[in-house]
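Analysis of the macromolecular model
Below, each chain spelled out in residue letters.
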Amino acid sequence: MRLARVLAAATTTSSSSGASPFLGVRGVAAAAASSASSSSSTTTTTPPVVDVCIVGGGVVGTALACVLRSTPLTSHLSVMLADRAPPPSSAWLDANPSRHPEPRVSALTPLSIRFLRDVGAWDRVSNARARPFKTMQVWDDASNGHVRYDAREVGEDALGAVVENVVIHAALHEAATRLGVIFPPPSSLASLDLGGDPGTLASVEFEEEEEEEKKEETENGDGGGGADGAREARRRVRARLVVAADGASSRTRTLAGLTVAGWSYHRKAAVGTVRTAIAHDTAWQRFLPNGPLALLPIVGEGTGDGEGGGDEGAAGGGGDGGGLSNVVWTTTNEDADRLCKLSDEDFAAEVHAALRAEGKYAVKTSPAWGSDAAAADADADDGGAENVGRSDFDRLQTSLVDSLLRPASKLALRGVGVAAASPAPVFELPPAVVGASGARGAFPLATRLAGRYSLRRLALVGDAAHQARSISHWSPYDRVGVVNADT
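Bear in mind that the values here come from a model prediction, so they are computed numbers and not experimental data.

Broken down by element type, the protein chain carries 14 helices and 18 strands. Within the protein chain, the fraction of its 487 residues that count as buried is 46%. If you sum the accessible surface of the protein chain, you get close to 22,700 Å²; carbon and sulfur atoms cover 52% of it.

In structure tokens, the structure reads:
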């Protein structure tokens, strides 16, 4: 697994005090194993010693814990995974089509699915809430071109699957538990000491998160607070390697003295759930001036595995016919906030118009209007000099391509013995969006890069190392480093 290899050179037990500014290609495995043998003579009473202490139990941290425990090279290492929040319940993995889907999803590629299968998490995901997509269509609002991919072209049944992030997280947590990962009570990082001498282990102190009942008792004077209570709530562990998997605002990274550089895109991704008039198995993506709009098929509320079709359905969700889809709309901060505040009916109407180039989102060059009848309508439209000029330019562009470039390309291909390319795939109009339901949210997009990804006894992974803006809601594993980036 690439992640196990990427973490490979994160620590060193040599006498050198330096560390590589970026992680190497061989991993925490050999380094932690070597560290384990070199520090085995250290006397340990309390606190306990673990080989790898991962701070941050989200999808990234849990995925790493599974990799370390399931890869033969590192399966002997003790791995602790700490997070301030409890993991998601296994109830998320129950096959329950009537439950409304969560708005945050990931589109998993075959490589991501293979990773989940390798660590023992995919069967639970697949049996619960995975929605395969077989085709993908991407087009731009300012040109008449498009690209379309089909799983059959590469001999596969599907290009990937769309799954709610919480379902992936729950399945990974189950797998990590089976693999013997150590889970302390929900705790937040209180202090970090990476040690000075080469033989010194890192010291990590956690402060246990109080349950609401205990917190109320303490506030009311009924519980054991004070200094003794504070000491009991803190736990310390020594680790041969500490991994920061606690996100873009990583406290672990800050306590280690590492700085980050980055910038904001002044964009947010607005996410939500809509209902389409018919179920579909295509990942649609239209690029608009302020950012891309994606429509991804998902499982939920009466759609079962998403197959089938039907009438328009109801705006609120349930009912027969149609299918549910996840929307990921990247746009300006103000517009994303506006989209989230719209009524379900207005949100559905806006997504429909933006995907089908209607109303304020209409563009004459959209490939959806490539028919002769549509061209005649465009020629007859006298909607202003700007539209007329744009259409004239597009006609000139098409004429040049048809009369010069395409024949020249075919001739050149024949000259080198390459068969003529198959006809371009036909543009398909996205399904009508007829309703919306459930929660919506808008999440800021930014890039942050740590100056270095490792120190002695420390490695950064995921957003703690490199927060990157993706084109839409593609797999989180391109940020973990488990598989090749999907963006």
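Turning to the side chain of S188, a few remarks are in order. Locating S188 in the fold gives a position in strand β8 (residues 187-193). Judged by relative accessible area, which is 18%, S188 ranks as buried. Beyond its immediate sequence surroundings of up to four residues, S188 is in contact with R84, E205, F206, E207 and E209.

Buried within helix α10 (residues 333-341) are the following residues: D335, A336 and L339. Along the axis of α10, the buried positions cluster into a sector of 100°, meaning they face one direction only. Of the exposed residues in α10, the ones pointing more than 90 degrees away from its buried face are E334 and K341. Summarising the contacts, the buried residues of α10 are in contact with β11 (260-276), β14 (323-332), α11 (344-356) and β15 (433-450).

Glancing now at unusual backbone geometry. Despite not being glycine, H266 shows a phi value in the positive range, around 55°. With respect to the element layout, H266 can be found in strand β11. Note on H266: relative accessible area 55%, which makes it exposed. Positive phi is not limited to glycine here, since R457 has a value of about 70°. Mapping R457 onto the fold places it in the loop between β16 (454-455) and β17 (458-460).

Pairing in this open sheet of eight strands is mixed, and the strands run β6-β5-β12-β13-β14-β11-β15-β18 from one edge to the other. For this open sheet the edge positions go to β6 (146-150) and β18 (466-467), each flanked by a neighbour on one side alone. Helix-sheet contacts for α11 involve β5 (135-140), β11, β12 (282-288), β13 (291-298), β14 and β15, and the interaxial angle to β15 is about 70°.

Residue position: R469 is located in the loop between β18 and α14 (477-480). When the C-alpha atoms of R469 and Y265 are compared, they prove to be 8.6 Å apart, with 204 residues separating the residues in sequence.

Sheets are built from strands paired through backbone hydrogen bonds, the pairs being either parallel or antiparallel. Within the open sheet, the three strands sit side by side as β3-β7-β4. Their pairing is antiparallel. A strand with exactly one partner marks an edge of an open sheet, and here the two such strands are β3 (105-108) and β4 (131-133). For this sheet, the mean inter-axis angle between neighbouring strands, taken without regard to orientation, is 25°. Looking at chain direction, β3 and strand β7 (residues 160-164) are connected through four bridges and run antiparallel. Following the sheet pairing, S106 is matched in β7 by V163. Lying on the sheet, helix α6 (residues 165-178) is in contact with β3 and β7; it crosses β7 at an angle near 90°.

Let us now look at the pattern of salt bridges. On inspection of all chains with the given rule, the structure shows 14 salt bridges. E350 is paired through a salt bridge with R338; the nearest N and O atoms lie 2.7 Å apart. Highlighted residues: E350 in helix α11 and R338 in helix α10, separated in sequence by 12 residues. Taking the relative accessible area as the measure of exposure, E350 reaches 12% and is therefore buried.

On to the packing of aromatic side chains, then. Evaluation of the coordinates by the stated rule reveals two aromatic pairs. Between the NZ or CZ atom of R104 and the centre of the ring of F443, over which it lies, the distance is 3.8 Å. Seen from the ring of F347, R440 lies directly overhead, with NZ or CZ sitting 4.3 Å from the centre.

Across the interface, helix α3 (residues 59-70) lies against α6 with an axial gap of 9 Å and an inter-helix angle of 30°. Of the possible angle classes, the one that applies to α3 and α6 is roughly parallel. Handedness of the α3/α6 crossing: left-handed. Counted together, V59, T62, A63 and C66 of α3 and N165, I168, H169, L172, H173, A175 and A176 of α6 form the full contact between these two elements. Considered class by class, the residues forming the contact of α3 with α6 number seven nonpolar, four polar and no charged.

Below, the discussion takes up α3. Taking 1.5 Å per residue as the helical rise, α3 with its 12 residues ought to reach 16 Å, and the 16 Å between its terminal C-alpha atoms agrees with that figure. Most of α3 is tucked away: 11 of the 12 residues are buried. Along α3, the residues that are buried comprise V59, V60, G61, T62, A63, L64, A65, C66, V67, L68 and R69.

Definitions and cut-offs
- Residues numbered from 1 in each chain as written.
- Predicted model: local features only at pLDDT ≥ 70, side-chain atom pairs only at ≥ 80, totals over all residues.
- Heavy atoms only, no water.
- Helix = DSSP H or I, 4+ residues; strand = E, 2+ residues; numbered from the N terminus.
- Buried < 20%, exposed > 50% of the residue type's maximum accessible area, 1.4 Å probe, protein only.
- Areas by Shrake-Rupley, 256 points an atom, 1.4 Å probe, with all protein chains shown as cover.
- Contact = heavy atoms within 4.5 Å.
- Arc of directions from axis to C-beta.
- Pairing = 2+ DSSP bridges.
- Axes fitted to C-alpha atoms, helices over the stretch in contact; angles between N-to-C directions.
- Salt bridge = Lys/Arg side-chain N within 4 Å of Asp/Glu carboxyl O.
- Phe/Tyr/Trp six-rings, centres within 6.5 Å; stacked < 30°, edge-to-face > 60°.
- Lys NZ or Arg CZ within 6 Å of the ring centre and 35° of its normal.
- Parallel < 35°, antiparallel > 145°, perpendicular 65-115°, else oblique.
- Left-handed = near helix turned anticlockwise from the far one by under 90°.
- Nonpolar A, V, L, I, M, F, W, Y, C, P; charged D, E, K, R; others polar.
- Expected span 1.5 Å × (residues − 1).

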